[in-house]
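Structural overview for review
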Amino acid sequence: MSEIELPFRATTNEACAWLAQQTGSPWTLARLLENGLTPVVWLDYDAAYPELFGDANGGYAAPIFFQDDIARLAAGSEDVLITFTKDAYKLPARLPAPGFRRSLDELRFPKKDLERLAGKLKHEARQAQQQTQNPGASESQFGISKAEVLTAFSSFVRLDLGRELDAAVGIFGDDGARVKASARKSKRNAVWNPVTLALGLHDVYRVPLGPLKRAFKSHDFLYAWESDWEESLRLLGK
């Protein structure tokens, strides 16, 4: 079967079919929501609610994230009820009672969110497999391989990244981003924590944050690390 291509905003059926292909298990709307995905519904401009739309005179994609609205959808409601959302400027907005109703087929799921979830699930599956093969391993021992490091970061660093990884000195070694003991048997087994490595590339080698941020959004093997990366930036005030 050829791989399903996701549109920029996927319908529920498209999202479920794509994730089923990626994970090998069936998906439903309830499962999408249980995994933290935030659906959106396109709201056409309505002059009755100017504060909601602002300058978005063509309308905008309103997210559905309020707990009660999500719980209603997950329970199998026949339509969509939005009582709380964000306006066109991404500010929280409570809608006039009883809220806006839309049909279920108007739900959409952003492509980037689906890709991030698939990457996270694949990462967790790899971890589970590795833990089965090596029961003594802890979660902190996992990272990305040399080939993945080169794929993600080599195009915008001004050094021979492959050679530095092999030398394993400084931020590239066990006292830096390389996962301790991962290279005990062979250098081929070495893995690196991509968040620690990216922060080191920025702090030590002055690699701009822009391309580093894009890397975490561009490679499926980094999707599972993106939340850790963003949280690290937040804590560092970057």
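The shown structure was predicted, so the numbers you read here are calculated from the model rather than taken from an experiment. (Residues numbered from 1 in each chain as written. Predicted model: local features only at pLDDT ≥ 70, side-chain atom pairs only at ≥ 80, totals over all residues. Heavy atoms only, no water.)

To continue, consider the overall build of the protein chain. Counting its secondary structure elements, the protein chain contains 10 helices and eight strands. Principal-axis analysis of the C-alpha atoms places the extent of the protein chain at approximately 65 × 40 × 30 Å. Sorting the 238 residues of the protein chain into buried and exposed places 42% on the buried side. The long-range fraction of contacts in the protein chain, counting pairs at least 24 apart against all pairs at least 6 apart in sequence, stands at 52%. (Helix = DSSP H or I, 4+ residues; strand = E, 2+ residues; numbered from the N terminus. Buried < 20%, exposed > 50% of the residue type's maximum accessible area, 1.4 Å probe, protein only. Contact = heavy atoms within 4.5 Å.)

The subject of this paragraph is the packing of aromatic side chains. How two aromatic rings sit relative to each other is set out by the distance from centre to centre and by the angle between their planes. Here the structure, examined in full by the defined rule, presents nine aromatic pairs. Where Phe216 meets Trp229, the ring centres are 4.7 Å apart and the plane angle is 10 degrees; that geometry is what we call stacked. Remark: Trp229 occurs in helix H10 (residues 226–235) and Phe216 occurs in helix H9 (residues 209–218); sequence separation between them is 13 residues. Residue Phe216 is classed as buried on the basis of its relative accessible area, which comes to 0%. The ring centre of Trp27 lies 3.7 Å from the NZ or CZ of Arg31, which sits over that ring. (Phe/Tyr/Trp six-rings, centres within 6.5 Å; stacked < 30°, edge-to-face > 60°. Lys NZ or Arg CZ within 6 Å of the ring centre and 35° of its normal.)

Another point: the side chain of His202. Looking at the secondary structure, you find His202 in helix H8 (residues 194–205). Discounting chain neighbours no more than four positions away, the residues touching His202 are Val207, Pro208, Leu209, Leu212 and Lys238.

Further remarks concern helix H4 (residues 67–74). Of the positions making up H4, those classed as buried are Asp69, Ile70 and Leu73. Along the axis of H4, the buried residues cluster in a sector spanning 95 degrees; they form a single face. Those residues of H4 that are exposed and angled more than 90 degrees off the buried face are Gln67 and Asp68. Positive phi appears at Gly76, one or two residues downstream of H4, with a value of about 100 degrees. (Arc of directions from axis to C-beta.)

The residue after Ala97, namely Pro98, is reached through a cis peptide bond having omega 5 degrees. Within the element layout of this structure, Pro98 appears in the loop between strand E6 (92–94) and strand E7 (100–103). With phi around 70 degrees, Lys90 is a residue other than glycine that occupies positive phi space. With respect to the secondary-structure elements, Lys90 resides in the loop between strand E5 (84–86) and E6. Taking the relative accessible area as the measure of exposure, Lys90 reaches 65% and is therefore exposed. Phi is positive for Ala168, close to 55 degrees, though the residue is something other than glycine. By secondary structure assignment, the location of Ala168 is in the loop between helix H7 (161–167) and H8.

In terms of nonpolar packing, the biggest core is built from 32 residues, with Leu19, Leu32, Leu43, Leu52, Ile64 and Leu114 touching the most fellow members. Every element with two or more residues in this core is listed here: helix H1 (12–23), helix H2 (29–34), strand E2 (40–43), helix H3 (50–53), strand E3 (60–63), H4, strand E4 (79–82) and helix H5 (111–133). Phe153, Ala215, Phe216 and Ala224 belong to the second-largest nonpolar core, a separate cluster that totals 29 residues. (Core = buried A, V, L, I, M, F, W, Y, C linked by side-chain atoms within 4.5 Å.)

This part covers H9. Inspection of H9 places Leu209, Pro211, Leu212, Ala215 and Phe216 among the buried residues, and these make up the whole buried set. In this structure, the buried residues of H9 make contact with helix H6 (146–153), H8 and H10.

Let us look at the pattern of salt bridges. As enumerated under the stated definition, the model contains 10 salt bridges in all. Put simply, Lys112 and Asp113 hold a salt bridge, and the shortest N to O gap is 3.2 Å. Its relative accessible area of 16% is what places Asp113 among the buried residues. Where Arg116 meets Asp113, a salt bridge forms, and the shortest distance between an N and an O atom there is 3.2 Å. Taken together, the positions of Arg116 and Asp113, both in helix H5 and three residues apart, correspond to about one turn of that helix. Connected via shared salt-bridge partners are Lys112, Asp113, Arg116, Lys217, Glu226 and Glu230. (Salt bridge = Lys/Arg side-chain N within 4 Å of Asp/Glu carboxyl O.)

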